[in-house]
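Letter by letter, the chains look like this.
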Amino acid sequence: MTSDSPQTELNRFSRILTQQMDNPAAKAMLYGVGLTSEDMQKPQIGIASTGYEGNTCNMHLNGLSVYVKQGIQANGLVGLIFNTIGVSDGMTNGNDGMRYSLPSRDLIADSIESVVAAQWYDGVVTVVGCDKNMPGAVMAMARLDRPGIMVYGGTIRSGHYKGQKLDIVSAFEALGKKYAGNISDEDYEGVIKNSIPGAGACGGMYTANTMASSIEAMGLSLPFSSSYPATHEGKQEECKKIGAAMRRLLELNITPADIITKQSLENALTIVMALGGSTNAVLHYLAIARAAGLTLSLDEIQAISDRTPLLADLKPSGKYYMEDMLAIGGVPAVMKYLYQQGMIHGECMTVTGKTVAENLAEAPDLDFEAQKIVFPLSQPIKKTGHIQILRGNLAPTGSVAKITGKEGERFEGTAKVFEQEGDIIVALSKGEILPGQVLVIRNAGPKGGPGMSEMLKPTSAIMGAGLGDKVALITDGRFSGGTHGFVVGHVTPEAFEGGPIALVKDGDLITLDAVGRELTLHVSDEELAERRSHWVQPQPRFTKGTLGKYIRNVKSASEGCVTDEA
Ligand code: FES
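Rules used throughout
Residue numbers here run from 1 along each chain, matching the order of that chain's written sequence. Reporting in this predicted model follows two pLDDT cut-offs: at least 70 for local features of residues, and 80 or more for side-chain atom pairs to be given and counted; totals over whole chains, interfaces and linings ignore these cut-offs and use all residues. Hydrogens and water molecules were not included; the side-chain quantities draw on all heavy atoms of the structure. UniProt positions are given in the numbering used here, feature names are shortened, and annotations may be inferred rather than shown by experiment. For every domain, the bounds stem from an assignment made automatically or drawn from a database. By definition in these notes, contact holds between two residues if any of their heavy atoms fall within 4.5 Å. The buried area of a pairing is the accessible area, by a 1.4 Å probe, that goes missing from both parts when the two are put together, added over both. Salt bridges are defined as contacts in which a side-chain nitrogen from Lys or Arg sits within 4 Å of a carboxyl oxygen from Asp or Glu. What qualifies as a polar contact is a pair of N or O atoms within 3.5 Å, subject to a donor-acceptor requirement within protein and to the restriction that residues adjacent in sequence count only when both atoms come from side chains. For this classification, the nonpolar set comprises Ala, Val, Leu, Ile, Met, Phe, Trp, Tyr, Cys and Pro, the charged set comprises Asp, Glu, Lys and Arg, and every other residue, Gly included, is treated as polar. Only C-alpha atoms enter the line fits that serve as axes; for helices the fit covers just the stretch in contact. Angles between N-to-C directions range over 0 to 180 degrees. Under the scheme used here, helices are H or I runs from DSSP no shorter than 4 residues and strands are E runs no shorter than 2 residues, and both carry numbers assigned from the N terminus. Angle categories: roughly parallel below 35 degrees, roughly antiparallel above 145, roughly perpendicular from 65 to 115, and oblique for all the rest. It is the rotation of the near helix from the far one that decides the hand of a crossing: anticlockwise by less than a right angle makes it left-handed, clockwise makes it right-handed. DSSP calls a pair of strands paired once it identifies at least 2 bridges connecting them. Any two of the Phe, Tyr and Trp rings considered here, Trp counted by its six-membered ring, make a pair once their centres fall within 6.5 Å; the pair's planes then place it as stacked at under 30 degrees, edge-to-face at over 60, or tilted in between. Throughout this description, buried means an accessible area under 20% of the type-specific maximum (1.4 Å probe, protein chains only), exposed means over 50%, and partly exposed covers the range between. Charge-over-ring contacts are defined here by two conditions on Lys NZ or Arg CZ: a distance within 6 Å of the ring centre and an angle within 35 degrees of the ring normal. Residues belong to one nonpolar core when they are buried, are Ala, Val, Leu, Ile, Met, Phe, Trp, Tyr or Cys, and are joined through side-chain atoms within 4.5 Å.

- Going by what an unreviewed UniProt entry lists, the protein chain is known as Dihydroxy-acid dehydratase and is assigned to Rudanella paleaurantiibacter.
- The UniProt entry for the protein chain carries the following text under Subunit (unreviewed entry): "Homodimer."
- The annotation that UniProt attaches to the protein chain under Sequence similarities (unreviewed entry) is "Belongs to the IlvD/Edd family."

**Overview of the domain arrangement of the protein chain**
Alright, step 1. Annotation of the protein chain at the domain level lists domain 1 (43-157 + 198-361), domain 2 (158-197) and domain 3 (387-559).
Alright, step 2. Just the C-alpha atoms count here: the centres of domain 2 and domain 3 sit 27 Å apart.
Alright, step 3. Contacts between domain 2 and domain 3 engage 8 residues on the former and 12 residues on the latter.
Alright, step 4. Across the domain 2 to domain 3 interface the summed buried area is about 820 Å²; carbon plus sulfur atoms make up 76%.
Alright, step 5. Considering only the surface of domain 2 that becomes buried against domain 3, Phe172, Glu173 and Tyr179 emerge as the three largest contributors, covering 60% of it.
Alright, step 6. For the interface between domain 2 and domain 3, the tally reads 0 salt bridges.
Alright, step 7. Taken together, the links from domain 2 to domain 3 amount to 0 residue pairs in polar contact (both at pLDDT 80 or more).
Alright, step 8. Its residues assigned to classes, the side of domain 2 that touches domain 3 shows 4 nonpolar, 2 polar and 2 charged.

**Points about the packing of helix α12 (residues 262-275) against helix α14 (residues 298-307)**
Alright, step 1. The N-to-C vectors of α12 and α14 enclose an angle of 50°; their axes lie 9 Å apart at closest approach. Considered as vectors, α12 and α14 are oriented oblique to each other. Judged by the twist between their axes, the crossing of α12 over α14 is right-handed. From α12, Lys262, Glu266, Leu269, Thr270 and Met273 reach across to α14, where they touch Glu300, Ile301, Ile304, Ser305 and Arg307.
Alright, step 2. Classifying every residue of the contact of α12 with α14 gives 4 nonpolar, 2 polar and 4 charged.

**Comments concerning the sheet that holds strand β2 (residues 78-83)**
Alright, step 1. In space, the 4 strands of this open sheet follow the order β2-β1-β3-β4, with parallel pairing throughout. The open sheet has two edge strands, β2 and β4 (148-152), and neither has a second partner. For this sheet, the mean angle separating the axes of adjacent strands, direction not counted, is 20°.
Alright, step 2. In this structure, strand β1 (residues 44-49) lies alongside strand β3 (residues 123-128), joined through 5 bridges in parallel fashion. Bridged to serine 49 within β3 is valine 127.
Alright, step 3. Taken strand by strand, helix α10 (residues 233-252) contacts β1, β3 and β4, and its axis lies near 170° from that of β4.

**Details of the UniProt feature "active site" (unreviewed entry) in the protein chain**
Alright, step 1. UniProt marks Ser480 with the feature "active site" (unreviewed entry), using the numbering shown here.
Alright, step 2. Once residues lying within four places of it in the same chain are set aside, the contact partners of serine 480 are Thr207, Asn280, Glu454, Met455 and Leu456.

**Quick notes on the packing of aromatic side chains**
Alright, step 1. Tallied over the full model, the rule gives 4 aromatic pairs.
Alright, step 2. A ring pair is formed by phenylalanine 411 and phenylalanine 486, whose centres lie 6.1 Å apart and whose planes are at 65°; its orientation type is edge-to-face. Of this pair, phenylalanine 411 sits in strand β9 (residues 410-418) while phenylalanine 486 sits in the loop between β11 (472-475) and β12 (487-489), and the two are 75 residues apart along the sequence. In terms of burial, phenylalanine 411 and phenylalanine 486 fall into one category: buried.
Alright, step 3. Residue placement shows arginine 146 over the ring face of phenylalanine 13; its charged tip is 3.6 Å from the ring centre.
Alright, step 4. If you follow lysine 178 out to its NZ or CZ, it ends over the ring of tyrosine 188, 4.7 Å from the centre.

**Re the side chain of serine 14**
Alright, step 1. Here serine 14 is to be found in the loop between α1 (6-9) and α2 (15-18).
Alright, step 2. What serine 14 contacts, discounting residues up to four positions off in sequence, is Lys42, Pro43, Gln44, Trp120 and Asp122.

**Quick notes on unusual backbone geometry**
Alright, step 1. Residues glycine 449 and proline 450 are joined by a peptide bond in cis, for which omega reads -15°.
Alright, step 2. When you line up the elements, proline 450 lands in the loop between β10 (437-441) and α18 (456-464).
Alright, step 3. Residue proline 493 is bonded to the preceding threonine 492 through a cis peptide linkage, with omega at -10°.
Alright, step 4. Position of proline 493 among the secondary structure elements: in the loop between β12 and β13 (509-513).
Alright, step 5. Residue arginine 517 is not a glycine yet carries a positive backbone phi of 55°.
Alright, step 6. Tracing the chain through its elements places arginine 517 in the loop between β13 and β14 (518-521).
Alright, step 7. Given a relative accessible area of 29%, arginine 517 falls into the partly exposed group.

**Here's the deal with the nonpolar core**
Alright, step 1. Counting residues in hydrophobic clusters, the biggest one holds 76 residues, and the most contacted among them are Ile112 and Tyr285.
Alright, step 2. The two domains that each donate at least three residues to this core are domain 1 (43-157 + 198-361) and domain 3 (387-559).
Alright, step 3. Setting aside residues up to four positions removed in sequence, isoleucine 112 forms contacts with Ala48, Phe82, Thr84, Val124, Thr126, Ala137, Ala140 and Leu144.
Alright, step 4. Of all hydrophobic cores here, the second largest spans 27 residues; its members include Leu394, Val491, Ala514 and Leu528.

**Some thoughts on the pairing of strand β8 (residues 399-402)**
Alright, step 1. Of the two faces of β8, the one holding Ser399 and Ala401 and the one holding Val400 and Lys402 are both buried throughout.
Alright, step 2. Taken together, the 4 bridges between strand β7 (residues 387-390) and β8 define a ladder with antiparallel strand orientation. Following the sheet pairing, glutamine 388 is matched in β8 by alanine 401.
Alright, step 3. As judged from the 2 bridges shared by β8 and β12, these two strands associate in the antiparallel manner. Its bridge partner being in β12, valine 400 is matched across the sheet by glycine 489.

**Details of the sheet that holds β8**
Within a beta sheet, neighbouring strands are joined by backbone hydrogen bonds and run either parallel or antiparallel to one another.
Alright, step 1. Taken together, 8 strands build an open sheet; the order of strands is β7-β8-β12-β11-β10-β9-β13-β14 and the sheet is mixed. Looking at which strands have only one partner, the edges of the open sheet turn out to be β7 and β14. The mean angle between the axes of side-by-side strands here comes to 25°, regardless of whether they run parallel or antiparallel.
Alright, step 2. Across 4 bridges, β13 lies against β14 in antiparallel orientation. By the bridge assignment, isoleucine 510 is partnered in β14 with leucine 521.
Alright, step 3. Against the sheet, helix α17 (residues 422-429) makes contact with β9, β10 and β11, and its axis sits at roughly 100° relative to β9, the strand it touches most.

Rendered as structure tokens:
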């Protein structure tokens, strides 16, 4: 926040185009798109939408952007909608399309940064759904450091089939049941047709809802943004309120640098832990912190996990969906409870122009008698957070595990190595996945994949086949927020860079120890040195195009897979 004379500064960027004599073409173009002489005096706000028709997470975002624009205009500002790309993780294929998913986060960040900076917008509103779109938007907002607000597109409603509630993961698990012969063709089709009933992001505490909840906790969305389902009337109301909030941010000159701080990152990660959020949050918050010029380490994330109990019984490991949260007070009620217990920093600034504590004064209280979705600290589902950072001779620079306690805290088994994700599905269909195995999927890292694919398909298929508590899975790729079971991802260094995971052979003994936080390959140093002497770095799978560029630029998962640092 600066103490500049606020009123004259509201259009501090767009005035370069609208007030200076030497930009006649820009002004002519702005008249050409319909602005008036009066509009030329007003601040301009870019409204970035990841909307597109092809998937349910994003299909409604262009419509929400129109409501945002109405609110912006009603508050004496000019709103100009633009689109970025967006990739839906639910529609990618493990060995092909999913390669583009994580890289899309940085493309979204780059494109929002490019448009807002190049067109001299005074502020930015990002209207986003799906996993990568939110961190991509926030990274851009942090880089730009102009007044900005993120609007979450909202969670999806549940699907229903034969009395059962369904979501995207039900579709994957149905595939596992099909392989195991546990579901009829009719029921399989019934699940697929009914899992996704319309607009909204995947309905459990998967990556989209994890990021939305925690970005709200960080202060970059209006209260309840993460709790209104996509089709709830509250979502439209939120969009219409953005204009007044943006006006206030401009007047007070509150920018993301005032909002994204070490303390607000801790608030975000506390919410990730309390709600049982996705491991992808680790990757994305490492990247968001770097975009904001802050340091955040895996050890700091572990420390937050150590002090934050898992409180919410939400899918994938629990019973409830994000749509159920609104009725119990949504994320603001959870934050209020944690704030009262001294676990949330109240002094952090937010996009309302008020602090977290001031916002929470108006939030509802959790009623622990009436609801069973979020438990009190005295009765946690797990005494510490579910996200654990594991190191050891198999992951010297770190790996990320999701341990809710339901899968046990230690797994020892023999390695079965796969060079690509899709091979597991083939092995599963042939009955070659056996209890006691540690499935190792390698060359799936940020450079090796490339793009660090999510293992949603294999893990869901393994669950569906009834092997979820009998095998473990480790990878230098990632896991979907929908994943559950004994899984360790983000293994670094990745196989492509010669990390120890590249040296594992079928039959090696591996221990996953979530208590000691170790990932151990029980092979002597001499034997590993011998194997390393024969290791040859694979050829990059792409040398050109966006993936070729990604391989050359991306940092390790332990550094957030950022692409804009030397
Ligand atoms: Fe978009 Fe799940 S695939 S939120």
